[in-house]
Amino acid sequence: MLRKDLLGLRFLTSREIEEILELALDMKKALKYRKDVASTLKGKTMVTLFYEPSTRTRTSFELAGKYLGANVVCIETATSSVAKGESLIDTARTLDSMGVDLIAIRHSMTGAPGIVAREVKASVINAGDGINEHPTQALLDMLTIMEKKGRLKGLTVAIVGDVLHSRVARSNIFGMKKMGMNVRVAGPSTLIPPGLDKLGVEVYSDADEAVKGVDVVMALRIQLERQKSGLFPSLREFYRMYGIDEKRMALAADGAILMHPGPMNRGIEISYEIADERVCTAEEQVTNGVAVRMALLTLLSERGISYENIV
Ligand code: NCD
């Protein structure tokens, strides 16, 4: 990797994505066989700076840093100087002045991690910015597909639901297209952003059609907190039209998997029952999140030794 920061998968090459996924597989093995990786980030400091709620992403970054031997500090924005009105840039500069090496940031504003990255010497990782990108989620999703299906190239995925507000969908679209996958999306027209066809994505309004014969189905959470007015008639109707249950999943190819980035809203985008079935990889995705983030932290902190800093 040739970069200081990871701001989005739109900026990465397929080779860089491959490099992260390969190292993530090694990290997974190292964790499984309890091989010692705890000196990889010894002496480095990582901060998680989350301005939006999170369970799995933040914990996963923190565990990844700790497993690699970094000093990990988590900033609670509700109890930090952010609550006293400090700006994002001033907070970031404060952290930089303390010699922080890595900052994982989540913010409701598109582009916030990029603004911080320009201001600080530390490597900045986008842990989700508004409706824009969530690159580490897409990387862990692709790692899960690779493990389950043995490859990425040539596979077809159907991403179903609130695509408009989903940074997970956006990062996956960039990443999956780069890795040679066929990408379909399905949702009510009010929840599909315009211009997806220009990215080579097939857009469906009928979920059954979209799911037919695919290798991977990805259900997305309805992002009610980002919707200003009702963009679909009711949750019950949404579930009927776009929720993934056994019947809809049966239209996919034999051996297809059902992914969900979490947090899940059972009975809205995914049925109560299928979420607990073996076809649903939500738990494996969480496990893979730690390995992917370990790989990424390692590669980003190697810059300046074997890699050139170009961003
Ligand atoms: C996602 C997010 O925050 O964008 N969650 C996650 O990181 N696993 C998806 C979501 O909130 O729906």
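This text follows the structure it describes.
Residues numbered from 1 in each chain as written. Predicted model: local features only at pLDDT ≥ 70, side-chain atom pairs only at ≥ 80, totals over all residues. Heavy atoms only, no water.

K.L.:
Residues and numbers for the site of the ligand, please.
P.N.:
Taken together, Arg-56, Thr-57, Arg-106, His-134, Gln-137, Arg-167, Val-168, Arg-221, Gln-223, Pro-261, Gly-262 and Pro-263 make up the full set of residues near the ligand. In the environment of the ligand, an oxygen atom lies 3.1 Å from a nitrogen or oxygen atom belonging to the side chain of Arg-106. Between a nitrogen atom of the ligand and a main-chain N or O atom of Gly-262, the distance comes to 3.0 Å. Contact with the protein chains covers 94% of the free accessible surface of the ligand, which is 310 Å². Contributing elements (two or more residues each) for the shell around the ligand: helix H2 (56–67) and helix H6 (167–178). Its residues placed into classes, the shell around the ligand shows three nonpolar, five polar and four charged. (Near = heavy atom within 4 Å. Polar contact = N/O pair within 3.5 Å; in protein donor to acceptor, adjacent residues only side chain to side chain. Areas by Shrake-Rupley, 256 points an atom, 1.4 Å probe, with all protein chains shown as cover. Helix = DSSP H or I, 4+ residues; strand = E, 2+ residues; numbered from the N terminus. Nonpolar A, V, L, I, M, F, W, Y, C, P; charged D, E, K, R; others polar.)

K.L.:
With reference to specific residues and values, describe the pairing of strand E8 (residues 216–219).
P.N.:
Of the two faces of E8, the one holding Val-216 and Met-218 and the one holding Val-217 and Ala-219 are both buried throughout. Both E8 and strand E9 (residues 257–259) contribute to a ladder of three bridges, which runs parallel. Directly across from Val-216, in E9, lies its bridge partner Ile-257. (Buried < 20%, exposed > 50% of the residue type's maximum accessible area, 1.4 Å probe, protein only. Pairing = 2+ DSSP bridges.)

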